[in-house]
Amino acid sequence: MLPASIQITGELLSPAEVQDICESLKEDSVRLLSVRGCQLSDRDFGRICRSVAESRSLAQLNLNLGIVSSISRTRHLADALKTNRSLQTLFLHGSPLLDAGLVTLNSALSTHPALVCLDLGDCMLGDEALGLICGMLPPDGAKSGLRELTLSANPGISSKGWARLSIAVAHSSQLRVLNLDYNPLGDQIAGMLAVAVASSRTLEVLDLEGTGLTNQSAQVFLDMVENYPTSLRVLVLAENDISPELQQQICDLLSEGEDDDDREAPPHQPDSSPQMVLLTSGLGESLLAETEM
(Lines give C-alpha, C1' and ligand atoms only; values in the text may rest on other atoms or scores of the structure.)
Protein backbone atom coordinates (compact mmCIF):
# COMPACT_ATOMS: atom_id res chain seq x y z
CA MET A 1 0.00 0.00 0.00
CA LEU A 2 1.29 3.44 -0.90
CA PRO A 3 1.99 5.86 2.00
CA ALA A 4 -0.96 8.15 2.72
CA SER A 5 -1.49 11.65 4.06
CA ILE A 6 -2.85 12.70 7.45
CA GLN A 7 -4.01 16.33 7.40
CA ILE A 8 -5.81 17.86 10.40
CA THR A 9 -6.25 21.59 10.95
CA GLY A 10 -7.24 23.53 14.06
CA GLU A 11 -8.68 20.64 16.07
CA LEU A 12 -8.23 19.46 19.64
CA LEU A 13 -6.49 16.10 19.28
CA SER A 14 -7.50 13.42 21.74
CA PRO A 15 -5.01 10.83 23.08
CA ALA A 16 -6.79 8.20 20.96
CA GLU A 17 -6.34 10.26 17.78
CA VAL A 18 -2.69 10.81 18.63
CA GLN A 19 -2.29 7.06 19.15
CA ASP A 20 -3.69 6.39 15.68
CA ILE A 21 -1.25 8.91 14.17
CA CYS A 22 1.67 7.33 16.02
CA GLU A 23 0.77 3.82 14.89
CA SER A 24 0.50 4.93 11.26
CA LEU A 25 3.91 6.61 11.47
CA LYS A 26 5.52 3.52 12.99
CA GLU A 27 3.96 1.34 10.28
CA ASP A 28 5.56 3.56 7.61
CA SER A 29 2.15 4.23 6.09
CA VAL A 30 2.33 8.06 6.20
CA ARG A 31 4.12 10.27 3.70
CA LEU A 32 2.62 13.61 4.80
CA LEU A 33 1.60 14.56 8.34
CA SER A 34 -0.04 17.95 8.94
CA VAL A 35 -1.47 18.99 12.32
CA ARG A 36 -1.29 22.73 11.72
CA GLY A 37 -3.02 24.83 14.34
CA CYS A 38 -4.11 21.80 16.37
CA GLN A 39 -4.15 21.57 20.16
CA LEU A 40 -2.55 18.64 21.94
CA SER A 41 -0.86 18.00 25.25
CA ASP A 42 2.90 18.14 25.72
CA ARG A 43 2.86 14.40 26.39
CA ASP A 44 1.06 13.69 23.11
CA PHE A 45 3.39 15.99 21.19
CA GLY A 46 6.31 14.00 22.56
CA ARG A 47 4.61 10.76 21.45
CA ILE A 48 4.22 12.07 17.91
CA CYS A 49 7.86 13.18 17.83
CA ARG A 50 9.07 9.75 18.94
CA SER A 51 7.00 8.18 16.16
CA VAL A 52 8.39 10.67 13.63
CA ALA A 53 11.84 9.54 14.69
CA GLU A 54 10.97 5.93 13.84
CA SER A 55 9.19 6.62 10.55
CA ARG A 56 10.96 5.70 7.34
CA SER A 57 8.19 6.93 5.01
CA LEU A 58 7.45 10.45 6.31
CA ALA A 59 8.56 13.05 3.75
CA GLN A 60 6.63 16.16 4.86
CA LEU A 61 5.78 17.37 8.37
CA ASN A 62 3.56 20.43 8.92
CA LEU A 63 3.64 21.85 12.47
CA ASN A 64 2.54 25.36 11.48
CA LEU A 65 0.64 27.81 13.66
CA GLY A 66 1.99 27.41 17.15
CA ILE A 67 2.36 23.66 17.52
CA VAL A 68 5.99 23.98 18.64
CA SER A 69 5.09 26.39 21.42
CA SER A 70 7.78 25.83 24.06
CA ILE A 71 11.45 24.99 24.41
CA SER A 72 10.54 21.52 25.71
CA ARG A 73 8.59 20.81 22.51
CA THR A 74 11.51 22.16 20.50
CA ARG A 75 13.78 19.65 22.22
CA HIS A 76 11.35 16.80 21.44
CA LEU A 77 11.38 17.82 17.78
CA ALA A 78 15.17 18.11 17.70
CA ASP A 79 15.53 14.61 19.12
CA ALA A 80 13.13 13.27 16.49
CA LEU A 81 15.02 14.92 13.64
CA LYS A 82 18.33 13.51 14.85
CA THR A 83 17.00 9.98 14.37
CA ASN A 84 14.67 10.41 11.38
CA ARG A 85 16.24 9.95 7.95
CA SER A 86 13.29 10.36 5.57
CA LEU A 87 11.93 13.89 6.15
CA GLN A 88 12.38 16.26 3.21
CA THR A 89 10.07 19.18 4.09
CA LEU A 90 9.44 20.76 7.49
CA PHE A 91 6.92 23.55 8.17
CA LEU A 92 7.27 25.50 11.44
CA HIS A 93 5.56 28.71 10.25
CA GLY A 94 4.03 30.70 13.09
CA SER A 95 5.92 28.93 15.88
CA PRO A 96 7.40 31.15 18.64
CA LEU A 97 10.84 29.55 18.35
CA LEU A 98 12.97 32.64 19.04
CA ASP A 99 16.74 32.38 18.62
CA ALA A 100 16.93 29.89 21.51
CA GLY A 101 14.67 27.49 19.63
CA LEU A 102 16.85 27.61 16.53
CA VAL A 103 19.91 26.98 18.67
CA THR A 104 18.18 23.86 19.99
CA LEU A 105 17.16 22.67 16.51
CA ASN A 106 20.29 23.69 14.63
CA SER A 107 22.35 20.52 14.92
CA ALA A 108 19.42 18.29 13.93
CA LEU A 109 18.42 20.51 11.01
CA SER A 110 21.89 21.09 9.62
CA THR A 111 22.91 17.42 9.72
CA HIS A 112 19.65 15.86 8.54
CA PRO A 113 20.50 13.81 5.43
CA ALA A 114 17.27 14.42 3.48
CA LEU A 115 15.86 17.80 4.55
CA VAL A 116 15.72 20.24 1.63
CA CYS A 117 12.69 22.48 2.32
CA LEU A 118 12.30 24.51 5.53
CA ASP A 119 9.64 27.05 6.54
CA LEU A 120 10.65 29.29 9.47
CA GLY A 121 8.28 32.15 8.66
CA ASP A 122 6.90 34.18 11.57
CA CYS A 123 9.05 32.35 14.12
CA MET A 124 10.26 35.49 15.96
CA LEU A 125 13.84 34.92 14.82
CA GLY A 126 16.77 37.31 15.16
CA ASP A 127 20.34 37.59 13.93
CA GLU A 128 21.66 34.67 15.97
CA ALA A 129 19.13 32.32 14.40
CA LEU A 130 19.80 33.69 10.92
CA GLY A 131 23.49 33.02 11.35
CA LEU A 132 22.68 29.37 12.02
CA ILE A 133 20.34 29.24 9.02
CA CYS A 134 23.15 30.53 6.80
CA GLY A 135 25.06 27.40 7.80
CA MET A 136 22.30 25.38 6.13
CA LEU A 137 23.19 27.05 2.80
CA PRO A 138 26.70 25.65 2.27
CA PRO A 139 28.89 27.08 -0.49
CA ASP A 140 29.82 25.34 -3.71
CA GLY A 141 31.71 22.13 -3.17
CA ALA A 142 30.48 21.65 0.39
CA LYS A 143 27.75 19.36 1.65
CA SER A 144 24.23 19.55 0.20
CA GLY A 145 21.90 22.14 1.75
CA LEU A 146 18.41 23.59 1.59
CA ARG A 147 16.70 24.06 -1.76
CA GLU A 148 13.69 26.02 -0.46
CA LEU A 149 13.76 28.41 2.50
CA THR A 150 10.97 30.57 3.92
CA LEU A 151 11.81 33.36 6.39
CA SER A 152 8.68 35.47 5.99
CA ALA A 153 7.66 37.93 8.72
CA ASN A 154 10.69 37.82 11.01
CA PRO A 155 11.07 41.56 11.71
CA GLY A 156 13.62 41.01 14.50
CA ILE A 157 16.36 40.33 11.97
CA SER A 158 18.63 43.36 11.45
CA SER A 159 20.23 44.67 8.28
CA LYS A 160 23.46 42.98 9.37
CA GLY A 161 21.65 39.64 9.52
CA TRP A 162 20.10 40.09 6.08
CA ALA A 163 23.49 41.06 4.66
CA ARG A 164 24.92 37.82 6.01
CA LEU A 165 22.07 35.87 4.39
CA SER A 166 22.73 37.62 1.06
CA ILE A 167 26.32 36.41 1.12
CA ALA A 168 25.21 32.86 1.90
CA VAL A 169 22.64 32.92 -0.92
CA ALA A 170 25.24 34.18 -3.39
CA HIS A 171 27.46 31.17 -2.69
CA SER A 172 24.85 28.49 -2.03
CA SER A 173 25.09 25.57 -4.42
CA GLN A 174 21.53 24.34 -3.80
CA LEU A 175 19.00 27.09 -2.97
CA ARG A 176 16.23 27.51 -5.54
CA VAL A 177 13.39 29.21 -3.65
CA LEU A 178 13.73 32.04 -1.10
CA ASN A 179 10.66 33.63 0.53
CA LEU A 180 11.39 36.83 2.47
CA ASP A 181 7.95 38.46 2.21
CA TYR A 182 6.68 40.79 4.92
CA ASN A 183 10.06 41.63 6.40
CA PRO A 184 11.05 45.32 6.66
CA LEU A 185 13.95 44.99 4.24
CA GLY A 186 13.93 48.31 2.40
CA ASP A 187 15.94 49.31 -0.64
CA GLN A 188 19.39 48.80 0.89
CA ILE A 189 18.85 45.13 1.69
CA ALA A 190 17.11 44.60 -1.64
CA GLY A 191 20.26 45.86 -3.35
CA MET A 192 22.32 43.26 -1.49
CA LEU A 193 19.84 40.58 -2.48
CA ALA A 194 20.06 41.63 -6.13
CA VAL A 195 23.82 41.08 -6.01
CA ALA A 196 23.21 37.66 -4.42
CA VAL A 197 20.71 36.72 -7.13
CA ALA A 198 23.13 37.80 -9.84
CA SER A 199 25.84 35.64 -8.28
CA SER A 200 23.67 32.58 -7.65
CA ARG A 201 23.56 29.86 -10.29
CA THR A 202 20.52 28.15 -8.78
CA LEU A 203 18.02 30.66 -7.30
CA GLU A 204 14.80 30.61 -9.34
CA VAL A 205 12.18 32.16 -7.03
CA LEU A 206 12.55 35.26 -4.84
CA ASP A 207 9.52 36.52 -2.88
CA LEU A 208 9.85 40.16 -1.72
CA GLU A 209 6.17 40.93 -1.27
CA GLY A 210 5.48 43.67 1.28
CA THR A 211 9.12 44.35 2.14
CA GLY A 212 9.16 48.15 1.93
CA LEU A 213 10.71 48.47 -1.51
CA THR A 214 10.50 51.43 -3.87
CA ASN A 215 11.33 52.14 -7.49
CA GLN A 216 14.97 52.33 -6.45
CA SER A 217 15.01 48.60 -5.74
CA ALA A 218 13.05 47.83 -8.87
CA GLN A 219 15.59 49.76 -10.94
CA VAL A 220 18.40 47.65 -9.49
CA PHE A 221 16.55 44.41 -10.31
CA LEU A 222 15.76 45.76 -13.78
CA ASP A 223 19.44 46.46 -14.39
CA MET A 224 20.31 42.99 -13.16
CA VAL A 225 17.91 41.07 -15.41
CA GLU A 226 18.66 43.36 -18.36
CA ASN A 227 22.44 43.08 -18.26
CA TYR A 228 23.42 39.90 -16.44
CA PRO A 229 22.56 36.21 -16.90
CA THR A 230 20.46 34.87 -14.05
CA SER A 231 18.61 31.71 -13.09
CA LEU A 232 15.73 33.78 -11.69
CA ARG A 233 12.29 32.79 -12.99
CA VAL A 234 9.88 34.31 -10.46
CA LEU A 235 10.25 37.66 -8.69
CA VAL A 236 7.42 38.70 -6.34
CA LEU A 237 7.18 42.48 -5.84
CA ALA A 238 3.54 42.86 -4.79
CA GLU A 239 2.57 45.24 -1.96
CA ASN A 240 5.57 47.52 -2.51
CA ASP A 241 5.76 51.14 -3.64
CA ILE A 242 6.93 50.16 -7.13
CA SER A 243 5.40 51.50 -10.30
CA PRO A 244 3.50 49.04 -12.52
CA GLU A 245 5.64 50.19 -15.44
CA LEU A 246 8.88 49.09 -13.80
CA GLN A 247 7.35 45.80 -12.75
CA GLN A 248 6.18 45.18 -16.30
CA GLN A 249 9.66 45.93 -17.68
CA ILE A 250 11.19 43.37 -15.34
CA CYS A 251 8.49 40.88 -16.27
CA ASP A 252 9.12 41.35 -19.97
CA LEU A 253 12.86 40.85 -19.56
CA LEU A 254 12.42 37.69 -17.53
CA SER A 255 10.02 36.42 -20.18
CA GLU A 256 12.57 37.16 -22.89
CA GLY A 257 15.15 35.21 -20.93
CA GLU A 258 12.80 32.27 -20.71
CA ASP A 259 12.23 32.39 -24.46
CA ASP A 260 16.00 32.34 -25.00
CA ASP A 261 16.26 29.30 -22.73
CA ASP A 262 13.58 27.53 -24.75
CA ARG A 263 15.50 28.13 -27.97
CA GLU A 264 18.77 26.88 -26.51
CA ALA A 265 17.38 23.94 -24.53
CA PRO A 266 17.02 20.47 -26.03
CA PRO A 267 13.45 19.31 -26.82
CA HIS A 268 11.10 17.49 -24.45
CA GLN A 269 11.53 19.48 -21.25
CA PRO A 270 7.98 19.75 -19.92
CA ASP A 271 9.09 20.80 -16.41
CA SER A 272 10.55 24.17 -17.44
CA SER A 273 8.59 26.99 -15.79
CA PRO A 274 8.06 30.54 -17.05
CA GLN A 275 9.92 33.51 -15.65
CA MET A 276 7.73 36.27 -14.27
CA VAL A 277 7.16 39.04 -11.80
CA LEU A 278 4.19 38.32 -9.58
CA LEU A 279 2.22 41.50 -8.96
CA THR A 280 -0.15 39.88 -6.48
CA SER A 281 0.34 37.53 -3.57
CA GLY A 282 -0.14 33.83 -3.94
CA LEU A 283 3.02 31.86 -3.23
CA GLY A 284 2.45 31.25 0.47
CA GLU A 285 2.75 27.64 1.44
CA SER A 286 2.12 26.40 -2.08
CA LEU A 287 5.82 26.33 -2.93
CA LEU A 288 6.47 23.94 -0.09
CA ALA A 289 3.19 22.04 -0.34
CA GLU A 290 2.97 18.32 -0.91
CA THR A 291 4.70 17.27 -4.12
CA GLU A 292 6.02 14.08 -5.54
CA MET A 293 9.51 14.31 -4.06
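Thresholds applied
- Residues numbered from 1 in each chain as written.
- Predicted model: local features only at pLDDT ≥ 70, side-chain atom pairs only at ≥ 80, totals over all residues.
- Heavy atoms only, no water.
- pLDDT = per-residue confidence, 0-100.
- Contact = heavy atoms within 4.5 Å.
- Axes fitted to C-alpha atoms, helices over the stretch in contact; angles between N-to-C directions.
- Helix = DSSP H or I, 4+ residues; strand = E, 2+ residues; numbered from the N terminus.
- Parallel < 35°, antiparallel > 145°, perpendicular 65-115°, else oblique.
- Nonpolar A, V, L, I, M, F, W, Y, C, P; charged D, E, K, R; others polar.
- Buried < 20%, exposed > 50% of the residue type's maximum accessible area, 1.4 Å probe, protein only.
- Pairing = 2+ DSSP bridges.
- Right-handed = clockwise from strand over helix to strand, strands pointing away.
- Polar contact = N/O pair within 3.5 Å; in protein donor to acceptor, adjacent residues only side chain to side chain.

1. Thoughts on the confidence of the model for the protein chain
Okay, so step 1: On average, residues of the protein chain score 89 in pLDDT, and 85% of them reach the 70 mark or higher.
Okay, so step 2: A low-confidence stretch, residues 268-275 (pLDDT under 50), is modelled with 15 contacts involving residues beyond four sequence positions or located in other chains.
Okay, so step 3: For residues 279-293, every residue scores under 50 in pLDDT, and the model assigns this stretch 41 contacts once sequence neighbours within four places are set aside.

2. Description of the packing of helix α1 (residues 15-26) against helix α2 (residues 42-54)
Okay, so step 1: Relative to each other, α1 and α2 sit at 10 degrees, their axes nearing to 8 Å. Compared by their axis directions, α1 and α2 come out roughly parallel. Within the contact between the two elements, α1 uses P15, V18, Q19, C22, L25 and K26 and α2 uses D44, R47, I48, S51, V52 and E54.
Okay, so step 2: Along the lines of polarity and charge, the residues of the contact of α1 with α2 split into six nonpolar, two polar and four charged.

3. Section: the pairing of strand β2 (residues 30-34)
On any regular strand, side chains alternate: one points to one face of the sheet, the next to the other face.
Okay, so step 1: Of all five residues that make up β2, four are buried, and the element is covered over most of its length.
Okay, so step 2: Direction of pairing for strand β1 (residues 4-7) relative to β2: parallel, over a ladder of four bridges. Residue S5 lies in a different strand from β2, and its bridge partner there is L32.
Okay, so step 3: After leaving β1, the chain enters α1 and then returns to the sheet as β2, a path that is right-handed.
Okay, so step 4: The pairing of β2 with strand β3 (residues 60-62) spans three bridges and is parallel. Bridge pairing links S34 to N62 in β3.
Okay, so step 5: With α2 bridging β2 and its parallel neighbour β3, the resulting β-α-β unit is right-handed.

4. Considerations on the environment of S158
Okay, so step 1: By the element assignment, S158 lies in the loop between β6 (148-150) and α6 (159-171).
Okay, so step 2: Since its relative accessible area comes to 28%, S158 is described here as partly exposed.
Okay, so step 3: Sequence separation between S158 and G126 is 32 residues; the distance between their C-alpha atoms is 7.3 Å.
Okay, so step 4: Within the structure, S158 has its side chain in polar contact with the side chain of D127 (distance 2.4 Å).

5. Remarks on the environment of T104
Okay, so step 1: Tracing the sequence through the fold places T104 in helix α4 (residues 98-111).
Okay, so step 2: Through-space distance from the C-alpha of T104 to that of T74 is 6.9 Å; in sequence the pair is 30 residues apart.
Okay, so step 3: T104 has contacts with I71, T74, R75 and A78, leaving out every residue within four places of it along the chain.

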